[in-house]
Amino acid sequence: MTEDRKDSGQKKQKTEDALKEVVALAKRRGFVFPGSEIYGGLSNTFDYGPYGVELMRNLKSEWWRAFVHNRSDVVGLDSSIMLHPEVWVASGHVNSFNDPLIDCKNCRARFRADQFAEEHLERSAANLGLEELTALFAEKNAELKCPSCGKSGTFTEPRQFNLMFSTRMGSLSGQDQQVYLRPETAQGIFINFRNVVDSCRVRVPFGVAQIGKSFRNEIIARQFIFRTREFEQLEMEFFCKPGTQKEWFEYWTNFCMDWLYGIGLSKENLRMRAHEESELSFYSEGTSDIEYQYPFGWGEIWGIASRTDYDLKQHAAHSRKNLEYTDPEDNSKYLPYVVEPALGLNRLLLAVLCDAYSVENPGTKEQRTVLRLHPRLAPVKAGIFPLQKKDGLPEIAQEIYNRLSTLFPVDLDISGHIGKRYYRQDELGTPFCITVDYETKENRTVTVRERDSTNQQRVAIDELPALLANKLSV
Ligand code: GAP
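Small disclaimer: the values here were computed from a predicted structure and weren't measured. (Residues numbered from 1 in each chain as written. Predicted model: local features only at pLDDT ≥ 70, side-chain atom pairs only at ≥ 80, totals over all residues. Heavy atoms only, no water.)

A. Helix H5 (residues 113–120), seen in detail. For H5, the complete set of buried residues consists of Ala113, Asp114, Gln115, Phe116 and Ala117. Turning to H5, the residues buried within the fold contact strand E4 (98–103), strand E5 (110–112) and helix H6 (130–140). (Buried < 20%, exposed > 50% of the residue type's maximum accessible area, 1.4 Å probe, protein only. Helix = DSSP H or I, 4+ residues; strand = E, 2+ residues; numbered from the N terminus. Contact = heavy atoms within 4.5 Å.)

B. How the structure looks around the pairing of strand E16 (residues 337–344). Taken across its 8 residues, E16 has 8 buried, putting it largely inside the fold. Alternating residues of E16 divide into Tyr337, Val339, Pro341 and Leu343 and Val338, Glu340, Ala342 and Gly344, and every residue in both groups is buried. With 6 bridges connecting them, strand E10 (residues 230–240) and E16 associate as antiparallel partners. In the sheet register, Leu234 faces E16, and the bridge partner there is Leu343. In this structure, strand E13 (residues 297–308) lies alongside E16, joined through 6 bridges in antiparallel fashion. Within E16, the residue paired with Ser306 across the bridge is Val339. (Pairing = 2+ DSSP bridges.)

C. Representation of the side chain of Thr253. Within the element layout of this structure, Thr253 appears in helix H9 (residues 245–262). We classify Thr253 as buried; its relative accessible area is 7%. Reaching out from Thr253, the side chain makes a polar contact with the backbone oxygen of Glu250 at a distance of 2.8 Å. (Polar contact = N/O pair within 3.5 Å; in protein donor to acceptor, adjacent residues only side chain to side chain.)

D. Molecular detail of the packing of H5 against H6. Put simply, H5 and H6 touch, their axes get as near as 11 Å, and they point 50° apart. The angle between the axes of H5 and H6 places the two elements in the oblique class. Along this stretch, H5 crosses H6, giving a crossing that reads as left-handed. Residue-level contacts link Ala113, Asp114, Phe116 and Ala117 of H5 to Leu133, Leu136 and Phe137 of H6. Across the contact of H5 with H6, the residue classes tally to 6 nonpolar, no polar and 1 charged. (Axes fitted to C-alpha atoms, helices over the stretch in contact; angles between N-to-C directions. Parallel < 35°, antiparallel > 145°, perpendicular 65-115°, else oblique. Left-handed = near helix turned anticlockwise from the far one by under 90°. Nonpolar A, V, L, I, M, F, W, Y, C, P; charged D, E, K, R; others polar.)

E. Representation of the side chain of Gln425 in the model. Here Gln425 lies in helix H13 (residues 418–428). A residue is classified by how much of its surface remains accessible, and Gln425, at 0% relative accessible area, is buried. Excluding anything up to four places from it in sequence, Gln425 contacts Val380, Gly383, Phe385, Asp411, Thr430 and Cys433.

F. Here's a closer look at the environment of Tyr180. Locating Tyr180 in the fold gives a position in strand E8 (residues 177–180). Between the C-alpha atom of Tyr180 and that of Trp259, which follows or precedes it by 79 residues, the distance is 32 Å.

G. Highlighting the site of the ligand. Near the ligand, the surroundings consist of 19 residues, among which Glu184, Glu218, Thr228, Glu235 and Glu300 are the closest. Glu235 has a polar side-chain atom sitting 2.4 Å from a nitrogen atom of the ligand. Between an oxygen atom of the ligand and a side-chain N or O atom of Glu300, the distance comes to 2.5 Å. In the complex, 90% of the free accessible area of the ligand, which totals 550 Å², lies under the protein chains. Elements supplying a minimum of two residues to the shell around the ligand: E10, E13 and E16. Counting residues per element, the shell around the ligand draws most heavily on E13, at 5 residues. Taken together, the residues that form the shell around the ligand break down as 6 nonpolar, 4 polar and 9 charged. (Near = heavy atom within 4 Å. Areas by Shrake-Rupley, 256 points an atom, 1.4 Å probe, with all protein chains shown as cover.)

H. Representation of the sheet that holds E4. Taken together, the 3 strands give an open sheet; going across it, the order is E5-E4-E6, and neighbouring strands pair in antiparallel fashion. A strand with exactly one partner marks an edge of an open sheet, and here the two such strands are E5 and strand E6 (159–162). Each strand axis lies, on average, 50° off the axis of its neighbour in the sheet, ignoring direction. One ladder, built from 3 bridges, connects E4 with E5; its direction is antiparallel. Among the inter-strand pairings, Asp103 is bridged to a residue of E5, identified as Arg110. Sitting on the sheet, H5 touches E4 and E5, and the angle it makes with E5 is about 80°.

I. Quick peek at the sheet that holds strand E19 (residues 382–386). Overall, mixed pairing links the 5 strands, which are arranged E20-E19-E21-E22-E23 in an open sheet. Edge positions in the sheet fall to strand E20 (410–412) and strand E23 (456–460), since each has one partner strand and no second. Taken pair by pair, the neighbouring strands of this sheet meet at an average axis angle of 25°, ignoring direction. Here helix H12 (residues 393–404) sits on the sheet and contacts E19, E20, strand E21 (432–436) and strand E22 (445–450); the angle it forms with E19, its principal contact strand, is near 160°.

J. The arrangement of unusual backbone geometry in detail. In this structure, Pro205 follows Val204 across a cis peptide bond, with omega equal to 5°. Its location among the elements puts Pro205 in the loop between helix H8 (193–199) and strand E9 (206–215). With a phi angle near 60°, Asp391 is a residue other than glycine that sits in the positive phi range. As for its placement among the helices and strands, Asp391 is situated in the loop between E19 and H12.

K. Focus on the environment of Leu101. Summarising the element assignment, Leu101 is placed in strand E4. Leu101 sits in the buried class, given a relative accessible area of 0%. Along the primary structure Leu101 and Gln160 are separated by 59 residues, whereas in three dimensions their C-alpha atoms are 6.3 Å apart. When sequence neighbours within four positions are dropped, the list of residues in contact with Leu101 reads Arg110, Phe111, Arg112, Ala113, Glu157, Pro158, Arg159, Phe161 and Ile219.

L. Expanded view of the pairing of strand E18 (residues 368–371). Of the two faces of E18, the one holding Arg368 and Val370 and the one holding Thr369 and Leu371 are both buried throughout. Bridge analysis of strand E17 (residues 357–360) against E18 gives 4 bridges, and the strand direction is antiparallel. Within E18, the position partnered with Val359 by the bridge is Thr369.

Read these as geometric descriptors, not functional statements.
Structure below.
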């Protein structure tokens with residue numbers, strides 16, 4: 001083995017281990033559980049535990065605050081998961097939302113043809129069309145081994161596979177209708193464009209933001225919660241005057257990147273990647289992805305696309321409704337252009353966990369695992385511990401809990417070795433731990449320990465709400 005290959009093998013091992021450690025912590029501390037676990041699991045599904053759901057809610061409210069509440073030019077929306085089937089014809093998803101797949105005829109394992117070709121034929125196949133992939137597989141099939149059963153020459157020709165989940169709506173057989181679970185939240189916004197313009201006092205340029213679940217029948221779903229079939233999106237469609245889209249595109253790409261820095265993601269783990277011409281979706285005039293450096297490599301977290309007037313034009317044509325906007329300044333009529341920042345919540349949560357995960361003094365007695373979450377994201381803001389489970393200390397801790405829990409989420413942990421209680425809160429990313437000790441009984445002060453520095457200060461109980469609110473900026 002050459003040194004280079006040895007190094008890259010070790011690096012791969014290290015990065016795989018890093019992801020495993022984050023996955024283990026996520027389960028151990030109640031962030032993310034494997035889906036349907038007691039029934040043996042349902043592949044690629046995950047449930048978010050008590051701390052995972054708090055982290056998710058905090059991410060969503062940070063996003064909503066920055067994209068909706070703090071802005072006079074963006075409003076919110078919550079559209080249905082199931083939309084009229086014609087929506088997906090108009091948007092192009094029925095015809096074009098496909099991945100090329102191959103099946104092993106021996107063991108029926110299924111792979112994405114372009115990814116398989118990239119990984120096993122060591123050539124860039126990401127942008128090959130179906131015809132080119134078909135030719136490539138016809139040429140190489142005999143020598144290709146199925147990674148699942150090990151047999152060679154067993155692959156079918158690549159064929160297109162639509163990623164939308166379909167279901168039937170209605171209870172009477174024969175009278176039901178095929179509908180799709182939305183593969184993106186965006187279309188729910190486009191079909192409500194007219195409603196929003198008519199009911200709210202919005203003026204172009206303005207945005208409509210939405211948070212919600214989306215579903216895609218991904219052929220290969222993997223890397224923990226990075227690519228799943230059910231996931232949540234935070235999307236905003238920003239409607240602007242044709243000709244101004246370039247400026248807005250630049251504005252929103254910078255805004256999104258700054259927002260990620262603001263919630264504490266490290267700059268060196270983030271990058272912006274502009275799509276090559278050949279990668280662009282058919283509706284896009286330009287797309288840039290913000291990528292995060294996960295333990296398994298760079299992965300898209302946020303796609304910012306300049307979608308032109310494609311969607312509104314399509315919906316106007318298919319619904320036969322006039323979706324033109326009348327500019328109040330000069331009475332001109334036009335279909336606005338759209339810049340769309342589309343963020344995946346689950347990928348964001350994984351990035352936040354990976355970024356925050358740190359092991360201090362590994363292999364020593366002082367080893368400590370800490371989730372260095374931004375205080376506003378932390379699921380629990382403070383742990384409250386009585387030093388001993390006696391002598392009236394638990395009662396004082398309870399009193400502090402009652403007071404602080406009206407302000408933000410706090411945890412009361414009464415029993416066990418104090419070091420273990422700190423350890424648990426460090427792994428949860430709790431920024432502060434408050435300890436009630438014997439001095440508390442004398443002068444009503446407690447110690448407040450900061451997660452990252454582990455420094456402690458003595459503080460009067462009465463000062464706790466103001467001190468913590470200030471430090472947490474909640
Ligand atoms: N409306 C545009 C749109 O949906 P996209 O790039 O397909 O664009 C936006 O999706 C974001 O949604 C992605 O950047 C990613 O974070 C997230 N996402 C997409 N597919 C996903 C999947 N299968 N699992 C988890 N997140 C996904």
